[in-house]
Structure formats: structure tokens, C-alpha cells
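# An overview of the molecular structure
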Amino acid sequence: MRFSTIFKNEPLKSYYDPTKTATAYINGQKLSITVTTSNGNATVKMDPAEIERYAASVTGREAYLTIDLSELSVTSATLSTEIFKKLAELAADPSNSLAGVTIKFADCSVTFDAVALKAIIEQATGADIKLSVKVNPDLSVSQRRTVGGLNNALVIDVELTSNGKAITDFKGGSVTLEVPFKWSGNVVVRGAFLTDDGKLEPVYRELRNGAVRLVVNHFSKYVVYTEEPLPFTDVDVNAYYYDAVKWAVEKGVTTGTSATTFSPDADCTRAQIVTFLWRAMGSPEPTAAENPFVDVKPEDYFYKAVLWAVEKGITNGTSATTFSPNDSCTRAQTVTFLWRAEGSPE
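Below or above, wherever it landed, is the structure these notes cover. Predicted, not measured: the structure shown is a model, and the values here were computed from it.

As a further point, take the pairing of strand 12 (residues 151-162). Regular strands place side chains that alternate from one sheet face to the opposite one. Of the pairings in the sheet, the one linking strand 11 (residues 128-135) to strand 12 comprises six bridges and is antiparallel in character. Bridging from a neighbouring strand, Ser-132 pairs with Glu-159 of strand 12. As judged from the five bridges shared by strand 12 and strand 19 (residues 221-227), these two strands associate in the antiparallel manner. Note on strand 19: the bridge partner recorded for Ile-156 is Tyr-222. Inspection of the sheet shows strand 12 paired to strand 13 (residues 165-166) by two bridges, in the antiparallel sense. Bridge pairing in strand 13 links Thr-161 to Ala-166. Taking the residues that link successive antiparallel strands as the turn, the strand 12-strand 13 hairpin has two residues, and the phi of Asn-163 there is positive, at about 55°.

Written out as C-alpha cells, the structure is:
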């Protein structure tokens, strides 16, 4: 095998280093692999027939072919289209458990599922397919401005090409990017697609033992970063409702039950639910001249919210003259309010 590294103040050179190796395996079973490196790229050669034999021997659980280049000083890998085609065929075959392929670099691992592999083959126009990964690449002015305002930002630029043409559409398939990422304390770790004009579009992320996994449906620039947690001591950063609470606070829908508590497990009253909905809609002024409810006073925080909700047909109160603002709002009532606020769609 031939490998390469970067010498300080010297151009990239090729050399053989027996301590640095590339490996390939399916659920721990090693396969034959030949790798030649040059100018930061690893050209990977494998026998499609051997991949098929090993894939056929794996049953009963989901398996991935892993091509591990993490010990090499490379940021891209070139594989034959024939290998990708064989992987797509095997991943689509229910008689074996092969689900996709993972290509591991030192700074990022890229995993393609069966649907993504099929889409890649359909778009490949050359004999080879090249995967490139850059960490903290060059950015546009807008992107630099956005990233500069983030905490501990790490940008990943991923590209897949065949015959010089970019392959970006996975046609419903998914690709998982896993990058080493360190964080400490009670911070929130985020992942987002970084658009050309510097906007952030959130993507699904998982935290795994000092690494972050991003599940994406196209290749471009992505950013991982941290942000300070909410001030509420009773809202864990990993709680399923964390983002919902953050959104509600940022939009002025609620301010919590105190400066440091949100009381996520407390019941909500009818007044609170109607007020949340009213604020989420932009706190519109009600046009009703009269208030029919004896238990809703002009000085109440929910006064305008209740009048607006009645005016819009979201609720009629608990009777002709009462709203019962302090009664608990049931789940059925809550979803009905939401449904009516959206125009009672079929």
C-alpha cells in the first residue's frame, strides 16, 4: 500500500507507513482492501464479489460495510461506481442484512442508507465516485458572519461527485454525518444546514460519546455548535419539549412560572391555553364590544385572549355567561382549540 501525509512547509508526498492502515469490515468481519493515497485522496479498491459473500453471511441484524480511512491523512475517497452499484443492490436485497455503507475519515464519518445508495447510482455518470469532506472550509461573507456569532462552531462541507458532476439529491434517502465534537457543562448542542446566504436550517442530530451525528438529505455545508441553555432549572436540555419551550419563550408566548422555573409537569388552565394561542397568533386585538363572561374581567391578563378566542369561534365558554378560566384545560379541549384556530380543517 502507499499512503500520504503532510509535512510542515513541504508539499504533499506519498510514502509507505506500515503503522497507518485502512480497513474494511462488515460487523467485525474484515474484507480485503487496497488503498493508494495521493494529494489528500484515497483511491479505494475492493472486490464486489467478496463484499457480496460477506454480506450474505450476515443475517438477523442490520449491518453496514465500513471503510475505515481514519488513520490516513486524507479528506476524500474515490471508489469505483461498480462498488457503489453492488452496495446498492445488496442493500435493496431483503435476503441479507446489509443496510448501507460507512466511510470513515479522521474528522468525519459518512453513512449512506439503501435509498441514498440507489439514488447515487442513478446519478453517477463516470466510472468512479468521489466523496470529499472538509472541516472548517472557506465560507462566504454571509456564512462567516453567521458562524462568527455561534459558540464552538464546527463547519463540515461534504461533496459527492462522479465525472466532475455533483450528486446532491438522495431522493428520499438519508445520509448520516458523524463528527467528533467536544462540549462541557449543561449546554445545548445544535446541528444545522448552513445556506449560501448564511441562514441556519435545523437538522436532526444525535449525541454519541463525544461525537455529533447529523442526519441529512443532501450534501452542502453543515454546522455544529453550542448555545446556552434556558434559565429554567426544571427544563432539561435533552427533554423532548426543550425546543418547544425555547420557541415559546423567544416568541413571548410564555415567560415561565418564575424566572428560573417553567413547571413542565403542571396542568394548564383554560385561561393559560387560550392566552398561549392568542400570543402565538401575534396578540391580535379583539373587535368584540361586549364581554359575556362574568368571570373574565378587563384587568385579567387573559381578558383580550378570551374575547379574541370567542370572536374567532375557538371557544364558546363553559356556559353563556362563564368561561371558567381557572379550570384545567384537558387535552381534548387543547387540540380542539388548536384545530378551530386553524380553521377546523378536514
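Taken in spatial order, the eight strands line up as 4-3-7-9-10-14-18-17 in an open sheet, and their pairing is mixed. Edge positions in the sheet fall to strand 4 (29-31) and strand 17 (204-207), since each has one partner strand and no second. With direction set aside, neighbouring strand axes in the sheet form an average angle of 20°. In this structure, strand 17 lies alongside strand 18 (residues 211-216), joined through four bridges in antiparallel fashion. The residue of strand 18 that forms the bridge with Tyr-204 is Val-215. Packed on one face of the sheet, helix 2 (residues 81-92) meets strand 7 (63-68) and strand 9 (98-104) and runs near 140° to strand 9. In this fold helix 3 (residues 114-123) packs onto strand 9, strand 10 (109-113) and strand 14 (175-180), with an angle of close to 85° to the strand it touches most, strand 10.

Within the structure shown, the criterion is met by 13 salt bridges. One salt bridge in this structure joins Lys-86 and Glu-52, with 3.1 Å as the shortest N-O distance. Of the two residues, Lys-86 sits in helix 2 while Glu-52 sits in helix 1 (residues 48-57), which places them 34 residues apart along the sequence. Among the ionic contacts, a cluster of salt bridges with common partners joins Arg-190, Glu-227, Asp-243, Lys-246 and Glu-250.

With that settled, consider the packing of helix 2 against helix 3. Close contact between helix 2 and helix 3 brings their axes to 9 Å; oriented N to C, the two are set at 140°. Here helix 3 runs oblique to helix 2, going by the angle between their axes. Read as a crossing pair, helix 2 and helix 3 show a hand that is left-handed. Across from Thr-81, Phe-84, Lys-85, Leu-87, Ala-88 and Ala-91 in helix 2, the residues of helix 3 making contact are Ala-114, Leu-117, Lys-118, Ile-120 and Ile-121. Split into classes, the residues belonging to the contact of helix 2 with helix 3 amount to eight nonpolar, one polar and two charged.

Let us look at the layout of surface pockets. For the largest pocket, the calculated volume is near 1,100 Å³. If you go around the largest pocket, you meet 34 residues; those closest to its centre are Phe-262, Ala-266, Cys-268, Ile-273 and Phe-276. When residues of the lining of the largest pocket are traced back to their parent elements, those giving at least two are helix 5 (242-250), helix 6 (270-280) and helix 8 (331-341). Among the elements that take part in the lining of the largest pocket, helix 6 stands out by supplying seven residues, more than any other. Split into classes, the residues belonging to the lining of the largest pocket amount to 20 nonpolar, 10 polar and four charged. By volume, the second largest pocket amounts to about 300 Å³. Together, 17 residues line the second largest pocket, and Val-188, Val-189, Arg-190, Arg-205 and Asp-243 are the ones closest to its centre. Going through the elements one at a time, strand 15 (188-194), strand 16 (200-202), strand 17 and helix 5 are the ones with two or more residues in the lining of the second largest pocket.

The backbone of Asn-27 shows a phi angle near 50°, a positive value even though the residue is not glycine. Residue placement: Asn-27 occurs in the loop between strand 3 (23-26) and strand 4. Here Asn-27 falls in the partly exposed class, since its relative accessible area comes to 29%.

Before going further, it helps to spend a moment on the packing of aromatic side chains. Taken as a whole and judged by the stated rule, the model has 10 aromatic pairs. Geometrically, the ring pair formed by Phe-232 and Phe-262 is tilted, given 5.7 Å between the ring centres and 45° between the ring planes. Here Phe-232, found in the loop between strand 19 and helix 5, pairs with Phe-262, found in the loop between helix 5 and helix 6; they are 30 residues apart in sequence, far enough to count as distant. Judged by its relative accessible area of 5%, Phe-232 falls in the buried class. Aromatic ring contacts, followed pair by pair, group Phe-84, Phe-112, Phe-170 and Phe-219 into a single cluster. For the cation-ring pair, Arg-270 lies above Phe-323, with the distance from its terminal atom to the ring centre recorded as 4.4 Å.

Turning next to helix 6. Residues Arg-270, Ala-271, Ile-273, Val-274, Thr-275, Leu-277 and Trp-278 constitute the buried set of helix 6. Where helix 6 is buried, its residues contact helix 7 (303-311) and helix 8. Just past helix 6, the residue Gly-282 takes up positive phi, approximately 100°.

The rules we used
Residues numbered from 1 in each chain as written. Predicted model: local features only at pLDDT ≥ 70, side-chain atom pairs only at ≥ 80, totals over all residues. Heavy atoms only, no water. Pairing = 2+ DSSP bridges. Helix = DSSP H or I, 4+ residues; strand = E, 2+ residues; numbered from the N terminus. Axes fitted to C-alpha atoms, helices over the stretch in contact; angles between N-to-C directions. Contact = heavy atoms within 4.5 Å. Salt bridge = Lys/Arg side-chain N within 4 Å of Asp/Glu carboxyl O. Parallel < 35°, antiparallel > 145°, perpendicular 65-115°, else oblique. Left-handed = near helix turned anticlockwise from the far one by under 90°. Nonpolar A, V, L, I, M, F, W, Y, C, P; charged D, E, K, R; others polar. 1 Å grid on protein atoms, 1.4 Å probe; cavity = no way out; pocket = protein on both sides within 12 Å on 5 of 7 lines; lining within 4 Å. Points joined across faces, edges and corners; volume = space filled by probe spheres on them. Buried < 20%, exposed > 50% of the residue type's maximum accessible area, 1.4 Å probe, protein only. Phe/Tyr/Trp six-rings, centres within 6.5 Å; stacked < 30°, edge-to-face > 60°. Lys NZ or Arg CZ within 6 Å of the ring centre and 35° of its normal.

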